[in-house]
Amino acid sequence: MSPTTEDWVHALYETYAPDLYRAAKYRLQDPELAWDLTQEVFLTLLDKAGQVRAHPNPGGWLWITLRHKLNREFARQAHRARHEAGEVDLSWLAAPEEIRGASLDDLLPRQLSPRDRALLKLAYEDGLSYRELSALLGVPPATCGTWLYRARQRCRHYLTLPEGGFSHEKKT
């Protein structure tokens, strides 16, 4: 791997790994497994660095890769449960169906406001820049940056809460 590619992967890791880990931990409720899946995302990135480097939105690619890894993990857990239980009714194990085909919106904490969800989806799933967001929303790019920063902060906060937990903090 060339030094520039190594620096690029390192920068992506520093930027996205903490948030990918929080999202995986939130969905799995297992910190060790969440850490393993986060590392697998970046191992996949290393394998496909040439392709991903040409991708218009590498951050969005990482989130989608995490979604695929979560799908695979939930399917593996369902298969294991069926095997261990001798094919009992597993309708209570809804997570694999719930996440299959999920978008970034489905991975985000449900406590986020609709505006925060929309901003995060536009920035990470659609890959819009601050300028593109500002044109779409009719506000200055600096305002988009502030809104997106605050949306990421709230997302990060909610991802650290236990499943179903709510914060009593005032939203800004």
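Our structure is the block above this text.
Sequence order as written defines residue numbering, which begins from 1 separately in each chain. Thresholds applied to this predicted model are a pLDDT of at least 70 for local features of residues and 80 or more for the giving and counting of side-chain atom pairs; totals over whole chains, interfaces and linings are not thresholded and use all residues. Excluding hydrogens and water, the side-chain values take into account all heavy atoms of the structure.

Novice: Describe the packing of aromatic side chains, naming the residues involved and giving the relevant values.
Specialist: Only Phe, Tyr and Trp rings take part, Trp by its six-membered ring, and two of them pair if their centres are within 6.5 Å. Stacked means planes under 30 degrees apart, edge-to-face means over 60, and tilted covers everything else. In total, this model carries three aromatic pairs according to the counting rule given. Between Arg-115 and the ring centre of Trp-147, over which it is positioned, the NZ or CZ distance is 4.2 Å. Placement of a positive charge over a ring is assigned whenever Lys NZ or Arg CZ falls within 6 Å of the ring centre and within 35 degrees of the normal to the ring plane.

Novice: With reference to specific residues and values, describe the pattern of salt bridges.
Specialist: Salt bridges are defined as contacts in which a side-chain nitrogen from Lys or Arg sits within 4 Å of a carboxyl oxygen from Asp or Glu. Scanning the entire structure with this criterion turns up five salt bridges. Taking the shortest distance from any N to any O, the salt bridge between Asp-116 and Arg-154 comes out at 2.6 Å. In this pair, Asp-116 sits in helix 7 (residues 114–125) while Arg-154 sits in helix 9 (residues 141–160), placing the two residues 38 residues apart along the sequence. Residue exposure (1.4 Å probe, protein chains only): buried if accessible area is under 20% of the type maximum, exposed if over 50%, otherwise partly exposed. By relative accessible area, Arg-154 is classed as buried at 11%. In the salt-bridge network here, residues are joined through shared partners; they are Asp-19, Arg-22 and Arg-156. The secondary structure listing takes helices from DSSP runs of H or I that are at least 4 residues long and strands from runs of E that are at least 2 residues long, numbered from the N terminus.

Novice: Before we move on, could you go through the packing of helix 7 against helix 8 (residues 130–137) and cite the residues and values that matter?
Specialist: Angles here are taken between N-to-C directions and fall from 0 to 180 degrees, while the axes themselves are lines fitted to C-alpha atoms, restricted in helices to the stretch in contact. The N-to-C vectors of helix 7 and helix 8 enclose an angle of 135 degrees; their axes lie 10 Å apart at closest approach. Here helix 7 lies oblique to helix 8, going by the angle between them. Helix-helix and strand crossings are classified by hand; for helix 7 and helix 8 the assignment is right-handed. Every residue of helix 8 that contacts helix 7 at Leu-119, Leu-122 and Ala-123 is listed here: Leu-133, Leu-136 and Leu-137. The residue inventory of the contact of helix 7 with helix 8, partitioned by class, reads six nonpolar, no polar and no charged. Roughly parallel covers angles under 35 degrees, roughly antiparallel covers those over 145, roughly perpendicular covers 65 to 115, and oblique covers all other angles. Here a crossing is called left-handed whenever its near helix is offset anticlockwise from the far helix by less than a right angle, and right-handed whenever the offset is clockwise. Contacts are assigned to residue pairs that have any heavy atoms within 4.5 Å of one another. Note that Gly is not counted as nonpolar here; it falls among the polar residues with everything else outside the nonpolar set of Ala, Val, Leu, Ile, Met, Phe, Trp, Tyr, Cys and Pro and the charged set of Asp, Glu, Lys and Arg.

Novice: Residue-level account of the environment of Leu-136, with values.
Specialist: Assignment of secondary structure puts Leu-136 in helix 8. With a relative accessible area of 53%, Leu-136 lands in the exposed category.

Novice: Requested: an account of the packing of helix 1 (residues 3–28) against helix 9, with residues and values cited.
Specialist: Taken N-terminus to C-terminus, the directions of helix 1 and helix 9 make an angle of 40 degrees; their axes are 9 Å apart at the nearest point. Classified by the interaxial angle, the pair formed by helix 1 and helix 9 is oblique. Helix 9 is crossed by helix 1, and the crossing has left-handed handedness. Each of Asp-19, Arg-22, Ala-23 and Tyr-26 in helix 1 lies in contact with helix 9, whose residues at this interface are Arg-156, Tyr-158, Leu-159 and Thr-160.

Novice: Requested: an account of helix 1, with residues and values cited.
Specialist: Here the bend at a residue means the angle between the axes of two seven-residue stretches, the one that ends at it and the one that starts at it. At Tyr-16, helix 1 shows its strongest bend, of approximately 45 degrees, with the proline Pro-18 following within four residues. Backbone geometry just after helix 1 places Gln-29 at a positive phi near 55 degrees.

Novice: An account of the nonpolar core is requested, with residue identities and associated values reported.
Specialist: Among the buried residues, those of types Ala, Val, Leu, Ile, Met, Phe, Trp, Tyr and Cys that are joined through side-chain atoms within 4.5 Å form a nonpolar core. Core analysis: the biggest nonpolar cluster contains 42 residues, and Phe-42, Leu-45 and Leu-62 have the highest contact counts within it. Mapped onto this core, the elements with two or more residues apiece are helix 1, helix 2 (31–47), helix 3 (49–53), helix 4 (58–85), helix 6 (104–107), helix 7 and helix 9. Counting residues per element, this core draws most heavily on helix 1, which supplies 10 residues.

Novice: Account for helix 9, naming residues and giving values.
Specialist: To estimate how far a helix should reach, multiply one less than its number of residues by 1.5 Å. Its 20 residues place the ends of helix 9 29 Å apart at the C-alpha level, agreeing with the 28 Å of an ideal helix rising 1.5 Å per residue. Among all positions in helix 9, only Cys-144, Gly-145, Leu-148, Ala-151, Arg-152, Arg-154, Cys-155, Tyr-158 and Leu-159 are buried.

Novice: Lay out the environment of Phe-42 in plain terms, naming residues and giving numbers.
Specialist: Inspection of the secondary structure assignment puts Phe-42 in helix 2. Residue Phe-42 is classed as buried on the basis of its relative accessible area of 5%. Once residues lying within four places of it in the same chain are set aside, the contact partners of Phe-42 are Leu-12, Tyr-13, Tyr-16, Ala-17, Leu-20 and Leu-62.

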